[in-house]
Amino acid sequence: MTRFLIVAVALLVIAGSMTACGRKGDPEFPEGSSYPRDYPSK
């Protein structure tokens, strides 16, 4: 029973830390950039 609780708490901590990662919202290109551009650039 205690092993189950330890594993459950560990999974909750890992899942919680993973949901906190990353940036919210749409990605924005840097100012002055020439995006979108064709690949490969010629």
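In short, a report on the structure. Predicted, not measured: the structure shown is a model, and the values here were computed from it. (Residues numbered from 1 in each chain as written. Predicted model: local features only at pLDDT ≥ 70, side-chain atom pairs only at ≥ 80, totals over all residues. Heavy atoms only, no water.)

Comments concerning the overall build of the chain
- The helix and strand inventory of the chain stands at 1 helix and 0 strands.
- Residues classed as buried in the chain amount to 0% of the 42 residues present.
- Accessible surface for the chain amounts to roughly 4700 Å². Of this, 63% is attributable to carbon and sulfur atoms. (Helix = DSSP H or I, 4+ residues; strand = E, 2+ residues; numbered from the N terminus. Buried < 20%, exposed > 50% of the residue type's maximum accessible area, 1.4 Å probe, protein only. Areas by Shrake-Rupley, 256 points an atom, 1.4 Å probe, with all protein chains shown as cover.)

Digging into helix H1 (residues 2-19)
- Taking 1.5 Å as the rise per residue, H1 with 18 residues should run 26 Å; its terminal C-alpha atoms sit 26 Å apart, in good agreement.
- Little of H1 sits out of view: just 0 of its 18 residues are buried. (Expected span 1.5 Å × (residues − 1).)

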